[in-house]
Amino acid sequence: QVQLVESGGGLVQPGRSLRLSCLASGFTFEYYDMNWYRQAPGRERELVAEISHDGKSAKYGDSVKGRFTISRDNAKRTVYLQMNDLKPEDTAVYYCNVVRHIAEYWGQGTQVTVSS
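This section reports on the structure supplied with the text. (Residues numbered from 1 in each chain as written. Predicted model: local features only at pLDDT ≥ 70, side-chain atom pairs only at ≥ 80, totals over all residues. Heavy atoms only, no water.)

## Looking at the sheet that holds strand β3 (residues 18-25)
Step number 1: Strands sit in the order β1-β3-β8-β7 across an open sheet of 4 strands; the sheet is antiparallel. Bordering the open sheet on either side are β1 (3-7) and β7 (68-73), each of which pairs with just one other strand. Here the average twist between neighbouring strands, direction ignored, is 15°.
Step number 2: Sheet topology note: the β1/β3 ladder contains 5 bridges and is antiparallel. Paired with Glu 6 across the strands is Cys 22, a residue of β3. (Pairing = 2+ DSSP bridges. Helix = DSSP H or I, 4+ residues; strand = E, 2+ residues; numbered from the N terminus. Axes fitted to C-alpha atoms, helices over the stretch in contact; angles between N-to-C directions.)

Written out as structure tokens, the structure reads:
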């Protein structure tokens, strides 16, 4: 079965960096675009970044453009989210996501808290 396991979250001060990882299994990873979403308390889940199956193209939400970078290593079945210059408003649970055929899959999420 499809599994997505996120890691790398934590508590960080404003202006610092974190790198999230998502290890995928149960499907042919290199065939599918991958996404990172986040959800802050009291807010709807929002798309942070997406990357094409081959890693050649990526898109970002307006709030993270220029600060976050999505990448992937198909050999390791892993997608990454490098987050730089973190701000308190980046505090959220971050989720890895894939849409495979007609089904959508989510990881369990990893908490990122940006606070001084």
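## Side note on the pairing of strand β9 (residues 92-100)
Each regular strand shows side chains that alternate between the opposite faces of the sheet.
Step number 1: Of all 9 residues in β9, 7 are buried; the element is thus mostly enclosed.
Step number 2: The pairing of strand β4 (residues 34-39) with β9 spans 5 bridges and is classified as antiparallel. The partner of Trp 36 across the bridge, within β9, is Cys 96.
Step number 3: Here β9 runs beside strand β11 (residues 110-114); their pairing, made up of 3 bridges, is antiparallel. Looking at the pairing, Val 93 lines up with Gln 111 of β11.
Step number 4: In textbook terms, the turn of a hairpin is the stretch between consecutive antiparallel strands, and for β9 and strand β10 (residues 103-106) this stretch comprises 2 residues, one of which, His 101, has a positive phi near 60°. (Buried < 20%, exposed > 50% of the residue type's maximum accessible area, 1.4 Å probe, protein only.)

## Focus on the state of the cysteines
Step number 1: Per the stated rule, a full pass over the model turns up 1 disulfide.
Step number 2: Note that Cys 22 is cross-linked by a disulfide to Cys 96, the S-S spacing being 2.1 Å. Between Cys 22 and Cys 96, the disulfide has an S-S torsion of -85° and is therefore left-handed. Here Cys 22 is found in strand β3, whereas its partner Cys 96 is found in strand β9, with 74 residues between them in sequence. Side by side, Cys 22 and Cys 96 carry an identical accessibility label, which is buried. (Disulfide = S-S within 2.5 Å.)

Fair warning: the whole summary comes from geometry, so function is off the table for now.
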